[in-house]
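Coordinates in review
Residue-level listing of the chains:
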Amino acid sequence: MKAIKNIGLVIFLVGLAIFTALPVIGTFKIDQATFDQMAQDQGFAKSELFVEAMQKNVVGKEFQGIQQLSPLVTEALETANATNKKNKAYKKVIYTKPNDMVSSIGKKSGAGYIVENKGLMWFLTFGLGIIGALMFILPNVILLGKKGIKNNGIYHESATNQGWIAWMVFIFLVAFYVILYFAPQYAVNWTYLVDPISESLSGNPAGHWFVYGFMYCVVMTVMAVRMYIKYRHNVYQMVRTTSVLFFQIVFAFLIPEIMVRLQMPYYDFKNAFPLDYDFFFQWNIKSLMNSGGIGLFILVWGIVLTLVVVPVMVYFFGKRWYCSWVCGCGGLAETLGDPYRQHSSKSLFSWKIERWLIHGVLVFAVGMTLMTLYSFFTDTGMVLGLKTSSVQNTYSTMIGAVFAGVIGTGFYPIFGNRMWCRFGCPLAAYLGFVQRFKSRFRITTNGGQCISCGNCSTYCEQGIDVRAYAQKGENIVRSSCVGCGVCSAVCPRGVLKLENGPLEGRINPTEVLLGNDVDLMDLVNKK
Amino acid sequence: MEHIVIIGNGIAGVSAARHIRKNSDKKITIVSTETEYFFSRTALMYVYMGHMKFEHTQPYENWFWKKNRIDLIKGFVTKVDHQNKKLVLKEGGELAYDKLIIATGSKPNKFGWPGQDLKGVQGLYHRQDLEQLEANAPNNKVCNRAVIVGGGLIGIELAEMLVTRNIPVTFLVRETSFWNGVLPKGESALINEHIAEHHIDLRLATNLVEIISDENGRAKAVTTDKGDTIECNVVGLTAGVSPNVDFLKASGIELGRGVKVNRFLETNIPDVYAIGDCAEQHEAIGNRRPIEAVWYTGRMMGETLAQTICGNRRSYNPGHWFNSAKFLDIEYQTYGWVFSERGMKEYEQHFHWRHATEKICITVSFDKNTKKFLGINTFGIRMRHTIFDRWLTEERGVDYVMEYLKDANFDPEFYKVYEGEILSAYNAEFGTSITPKKKSWKRIFSTT
């Protein structure tokens, strides 16, 4: 069994190594005909200076690795734009960002082994990764022994105790997200691997976001297998994992791609504003309004989802229905992130930061949206002296990319798996208000049974000091709780239960716990 | 300002300190030699197993004590001078008090076995024992086999710990079945089987005779009264605990096995109290033992005494008995009284149900004459404390408990429920025809 695991690990690492090498290898060569076609399709033919520079330095030449091609295109674009601006030829300025320009040109100019062997290359990366990971995970059915909580050795292993392996994973994930958000041209080779899949779904070749979406589903599926094995005694965890996997694959991945094939707007029906922060952006509203009945339906659904569905569901089930049953961010955190859940800080200091930060982001998101809507309806670009588009860009970069992406997932191995959900997600903040003040959900503490061991607090991914409540006999009613149910699972004494009950008595501060003299209890609790 | 000094920073002492602080502005000092800060003793096992780091066993952050003006002194009290109301510390110096709370807990039992003080022989109680175990048994190369002596809760925890590091364990248990002085035989048998499932070499009705030393004064084997010699590198002595009160022998404070206290937790000396594992009631309360070495009772004594210290004199008046434990993968809870065959009252009768394949069972105890419900043990099913506490207070009959058993289920959502199966077994055994009532939030959360 151990041998199978080790072989699996090697296979996985080979796949990972090939995947990691892809951004900097491969041959790129764009021929005249393709370039001319692109110039027409993408409208950059208007900038003769850019076309000229490209003709001279790029077209018909062969480049090894995107890093050779990238500076030439960037320079051509920037020089052309600068000259055109200087000459006040504003109509000739190309507003595509250099990185995106390199990506789209790179995508068309890939040549050689990788492009000609997409299927094989998929197998050597994704395929080996999946096979290796499953070989590593599946033997646990036997190795973990009898069913039950098996957190043995978590704090002895480098990977799960912030050791060097964790730091390597940290660096890898951060780099991956930096490429994804800030240097997509390096993802061009990855897109070739999934072109066949993308074409079969939406009919279009894959972009780097398709790579991400596909990879997201693959990673979640493989790590869900791990969850199924680890928590095979716990039906709540099994059902929850299945739910979150279903919503990711069907709602976040398949439906939007198929909608594109059907000439409909790309839309994830479960992605609620304000997590879906650009829902009210001008381009989105316009695109929806131009998409006929389905566009209008999405517009109405998006608003109803946030204003009605979300709070009503939170009232009945707590915010867990979204955060740990439906949401994609939560889904990744609960599968890929599960081995790191113990790293969330439980200090009071962290809680203070959390409250300022997450509610700050909510205010930012709502403020930005109000500006956007004001700009949309009054047709102005400025609100109170601020340029709407700059505020949007700041949010997209700082919150959408850096916080949700780079920090949100990249920081898993060191800071825990819910950095974004705990400190940043504006939707979680909104759901949290409802959960804290008007919801049937609570984690019930079982009378006086707590022994203060600390397993619940240690494994709370949201950094809630669960024990602080349990040892006082108080129910846990916290806005940040996503209802993952792991505190209840790891409790050795059956103290915690997630449940939806009556509002009355949900919050139950006690001074003396159940089990002690009844009169005394009455005395101090009624005081 | 009145100065309250507490010896011992376990759950009893710390509960007292916290509640005194809640209700008063008195000066509070806690003296302990074991650790700087309060930690959960019951969680030590999880540190060795790698579930947690030691710091995770500390329920309060380090700033908590200063913020709440609870002074901590790391020191060992060698003498209590109650005439002059002061303590003498081993590290030097004296500490004056106005009121003294003794909460020094327990120490592991040693019964004079030959070789009991050899290297590699240890108990599992203190923080220091954990460190010692880490040194004695870091892995199965250093420790090829461990022998555990004493089949109680600490023994099985120690076995579980060692198994997680793939160290072979031989478990010597004096009784004919695991913990059958406490558990009825069906439950005890279930745990025997579960121990075997974990590949622990359980030897029932077997006593330790001698621990044999190697040339360096380290344990290398044990011999048993069955005539076996078992080679090993570590011997765990887990044959119960007794009050940690040796330092009080010459103090004039009345001692039995522990510090003798009345129902107000007062000793024979004015302004000196004892709580937790080290306190011994002059007369046992109800079916309880005079010395209760349980986490919950330590906490409850601390809560009670804090009221007295703050001018609200209260007797220690614990409610219905409850307890819990975990045997490897099986959670155990108990509410009310369910005695083993050995301790069973003459009026007591049991209904036992066990799942056909899973390691799940319950035992319900009731009065055979009046059918009054007396208590329940559950293995592998979580039950709701408040519900059983209420039913015991209301002196419900066993039929009622069976009928409303769904209200008491505390398993996580979506778990398979067994009330139907349990009830049909009950009906078959006792010729009743009870149908189960649906779970009702209204009943569960009703306050009367």
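Just so you know, these numbers come straight off a predicted model, no measurement behind them.

Brief notes about the overall build of chain A
Per the secondary structure count, chain A includes 25 helices and seven strands. Taking 2.2 N^0.38 as the reference for a compact globule, 527 residues should give roughly 24 Å; the C-alpha atoms of chain A span a radius of gyration of 26 Å, in line with that estimate. The principal-axis extent of the C-alpha atoms belonging to chain A is close to 90 × 65 × 40 Å. Within the span of chain A, comprising 527 residues, buried residues form 45% of the whole. Counted over contacts in chain A with a minimum sequence separation of 6, partners at least 24 positions apart contribute 75%.

Looking at the overall build of chain B
In terms of regular secondary structure, chain B is built from 12 helices and 25 strands. Its C-alpha atoms give chain B principal-axis dimensions of about 70 × 60 × 40 Å.

Some details on the nonpolar core
Membership of the largest hydrophobic core comes to 244 residues, with the highest contact counts inside it found for Cys487 of chain A together with Ala16, Ile101, Ile102, Ala146, Val235 and Ile275 of chain B. Considering each element in turn, this core owes the most residues, 10 residues, to helix H11 (residues 208-230) of chain A. Those residues within four positions of Ile102 of chain B in sequence are excluded, and the remaining contacts are Ile7, Val259, Val272, Tyr273, Ala274 and Cys278 of chain B.

Some thoughts on the domain arrangement of chain B
Residue and element names in this part refer to chain B. Its domain assignment divides chain B into domain 1 (3-107 + 242-309), domain 2 (121-239) and domain 3 (322-445). If you average the C-alpha positions of domain 1 and of domain 2, the two centres end up 30 Å apart. Contacts between the two partners involve 10 residues from domain 1 and, on the opposite side, 10 residues from domain 2. Secondary-structure elements contributing two or more residues to the side of domain 1 that touches domain 2 are helix H2 (44-48) and strand E8 (106-108). At four residues, the largest contribution of residues to the side of domain 1 that touches domain 2 is made by H2. Across the side of domain 1 that touches domain 2, the residue classes break down as six nonpolar, two polar and two charged.

Considering the sheet that holds strand E3 (residues 110-111) of chain A
Residue and element names in this part refer to chain A. Overall, antiparallel pairing links the three strands, which are arranged E2-E1-E3 in an open sheet. Across the chains shown, the open sheet's two edge strands, defined by having one partner strand only, are strand E2 (62-64) and E3. Sheet topology note: the strand E1 (residues 27-29)/E3 ladder contains two bridges and is antiparallel. For Phe28, the partnering residue across the bridge sits in E3 and is Gly110.

Focus: the packing of H11 of chain A against helix H16 (residues 328-335) of chain A
All names here are of chain A. Packing of H11 against H16 leaves a shortest axis separation of 8 Å and a crossing angle of 45°. Our classification of the angle between H11 and H16 gives oblique. As for the relative orientation of H11 and H16, their crossing is left-handed in sense. Listed contacts from H16 to Tyr216, Met220, Met223, Ala224 and Met227 of H11 are Gly331, Leu332 and Thr335. Its residues assigned to classes, the contact of H11 with H16 shows six nonpolar, two polar and no charged.

Comments concerning the domain arrangement of chain A
Residues and elements named next belong to chain A. When its domains are assigned, chain A resolves into domain 1 (27-111), domain 2 (152-343), domain 3 (348-427) and domain 4 (439-526). Its C-alpha centre places domain 2 at a distance of 31 Å from the equivalent point of domain 4. Sorting the residues of the side of domain 2 that touches domain 4 by element identifies helix H12 (235-261), helix H14 (292-317), helix H15 (320-323) and H16 as the ones contributing at least two each. Looking at the side of domain 2 that touches domain 4 element by element, the count peaks at four residues for H14. For the side of domain 2 that touches domain 4, the per-class residue count stands at eight nonpolar, six polar and five charged.

Let's talk about the packing of helix H1 (residues 2-21) of chain A against helix H7 (residues 118-137) of chain A
Residues and elements named next belong to chain A. Remark: H1 packs on H7, axes separated minimally by 7 Å, with the N-to-C direction vectors making an angle of 155°. By the angle between their directions, the pair H1 and H7 is classed as roughly antiparallel. As for how H1 packs across H7, the hand of that crossing is left-handed. Residues Ile4, Lys5, Ile7, Gly8, Leu9, Ile11, Phe12, Val14, Gly15, Leu16, Ile18 and Phe19 of H1 form the contact with H7, whose own contacting residues are Leu124, Thr125, Leu128, Gly129, Ile131, Gly132, Ala133, Met135 and Phe136. Residues belonging to the contact of H1 with H7 are distributed by class as follows: 15 nonpolar, five polar and one charged.

Considerations on the environment of Arg506 of chain A
All names here are of chain A. Relative to the assigned elements, Arg506 resides in the loop between strand E7 (496-500) and helix H25 (518-526). When the 16 C-beta atoms within 10 Å are taken as the criterion, Arg506 is described as partly exposed. Along the backbone, Arg506 and Ala272 are 234 residues apart, and their C-alpha atoms lie at a distance of 28 Å. Once residues within four sequence positions are removed from consideration, Arg506 is found in contact with Arg442, Asn475, Val477 and Gly501.

Focus on the pairing of strand E25 (residues 373-379) of chain B
Residue and element names in this part refer to chain B. Most of E25 sits inside the fold, with seven of its seven residues counted as buried. Here strand E22 (residues 330-336) pairs with E25 via five bridges, running antiparallel. Of the residues in E25, the one forming a bridge with Tyr335 is Ile376. Where strand E24 (residues 361-367) lies against E25, six bridges are found, and the strand directions are antiparallel. Paired with Ile362 across the strands is Thr378, a residue of E25. With antiparallel pairing between neighbouring strands as the criterion, E24 and E25 make up a hairpin whose turn holds five residues, including Lys371 at a positive phi of roughly 65°.

Overview of H16 of chain A
Residues and elements named next belong to chain A. For H16, the tally of buried residues reaches eight of eight residues, placing the bulk of the element in the interior. Among the residues of H16, those classed as buried are Gly328, Cys329, Gly330, Gly331, Leu332, Ala333, Glu334 and Thr335. Contact partners of the buried residues in H16: H11, H12, H15, helix H18 (388-410) and helix H20 (419-423).

Some words on unusual backbone geometry
Most peptide bonds take the trans configuration, and most residues that are not glycine carry a negative phi. The peptide bond linking Phe273 of chain A to Pro274 of chain A adopts the cis configuration, its omega dihedral lying at 5°. By the secondary structure assignment, Pro274 of chain A is in the loop between H12 and helix H13 (282-289). Unusually for a residue other than glycine, Gln162 of chain A sits at a positive phi of about 55°. Of note, Gln162 of chain A is situated in the loop between helix H8 (140-143) and helix H9 (164-182). Residue Asn166 of chain B is not a glycine yet carries a positive backbone phi of 55°. Tracing the sequence through the fold places Asn166 of chain B in the loop between helix H5 (153-164) and strand E11 (169-172).

What counts as what
- Residues numbered from 1 in each chain as written.
- Chains lettered and ligands numbered in written order.
- Predicted model: local features only at pLDDT ≥ 70, side-chain atom pairs only at ≥ 80, totals over all residues.
- Helix = DSSP H or I, 4+ residues; strand = E, 2+ residues; numbered from the N terminus.
- Rg over C-alpha atoms; globule rule 2.2 N^0.38 Å.
- Buried ≥ 20, exposed ≤ 12 C-beta atoms within 10 Å, placed from the backbone.
- Contact = placed C-beta atoms within 7 Å.
- Core = buried A, V, L, I, M, F, W, Y, C linked by C-beta atoms within 7 Å.
- Domains from an automatic or database assignment.
- Nonpolar A, V, L, I, M, F, W, Y, C, P; charged D, E, K, R; others polar.
- Pairing = 2+ DSSP bridges.
- Axes fitted to C-alpha atoms, helices over the stretch in contact; angles between N-to-C directions.
- Parallel < 35°, antiparallel > 145°, perpendicular 65-115°, else oblique.
- Left-handed = near helix turned anticlockwise from the far one by under 90°.

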